[in-house]
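# Survey of secondary and tertiary structure
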Amino acid sequence: MLTRMQYDILQACGKNIAVLLAEMQGEEELFASANTLLRVEANLLAIAQTLSHLPEPLRQRLLQIDWHGWECLQQLLERDAHPRRAEVWYGTQALAPATLELIAALRRQEPTWFEIGY
C-alpha cells in the first residue's frame, strides 16, 4: 500500500510541474516568476523526498534513475541553497520526466508492487 501511495505522490507532483510549466516559454520565464518557481521547487522537493523513502527492492529495480541527481537537488532545496538554477532546470526537464517514466514502466511490468493491498 505504501508503494502505491508513493507512486501516486510522484505522479501528482509530476503532473503539477507539467501544468505549471505548460504555458512557460522556457527557462528565463520560469526563473522570472517567483510564485511559479516556488511551486515547482516544492513539487521537485516532494518528488525527491518521496524517492528517498522508496523501499530498497523497488530502488534496486530502478537503477537507471539518477539517484545522485535527486539527492543533490533535495539537499539544495531543503537547505534553500543558492545558486541552484541549473539544478532546478535539470530537475524539471530531465530528472522528473525520466524518473516518472521509469517508475510508470516498472508499474506496468510489476503491477502487484503498486496495488493498494500489497
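See the structure shown above.
So, here is what we can say about the structure in this document. (Residues numbered from 1 in each chain as written. Predicted model: local features only at pLDDT ≥ 70, side-chain atom pairs only at ≥ 80, totals over all residues. Heavy atoms only, no water.)

### A short note on the overall build of the chain
Looking only at helices and strands, the chain has six helices and zero strands in total. Going from the N terminus to the C terminus, the chain shows its helices and strands as α-α-α-α-α-α. On C-alpha atoms alone, the chain measures out to a radius of gyration of 14 Å, which is about the 13 Å that the 2.2 N^0.38 rule sets for 118 residues. Projecting the C-alpha coordinates of the chain onto the three principal axes gives extents of approximately 45 × 25 × 20 Å. The burial tally for the chain puts 42% of its 118 residues in the buried class. Taking contacts inside the chain between residues at least 6 apart in sequence as the whole, the part at least 24 apart equals 68%. Distance between charge centres in the chain, computed from 10 positive and 15 negative side chains, equals 5 Å. (Helix = DSSP H or I, 4+ residues; strand = E, 2+ residues; numbered from the N terminus. Rg over C-alpha atoms; globule rule 2.2 N^0.38 Å. Buried < 20%, exposed > 50% of the residue type's maximum accessible area, 1.4 Å probe, protein only. Contact = heavy atoms within 4.5 Å. Lys, Arg positive; Asp, Glu negative; His and termini not counted. Charge placed at Lys NZ, Arg CZ, Asp CG, Glu CD.)

### Focus: the side chain of Thr36
Its place among the elements puts Thr36 in helix H3 (residues 34–52). Residues within four places of Thr36 in sequence aside, it is in contact with Leu20, Met24 and Leu30.

### Remarks on unusual backbone geometry
In this structure, the amide linkage connecting His82 to the following residue, Pro83, adopts the cis form with an omega of 0°. Relative to the assigned elements, Pro83 resides in the loop between helix H5 (67–79) and helix H6 (85–109). Although it is not a glycine, Asp80 sits at a positive phi angle of roughly 55°. Checked against the element boundaries, Asp80 lands in the loop between H5 and H6. Under the relative-accessibility criterion, Asp80 is labelled partly exposed at 47%.

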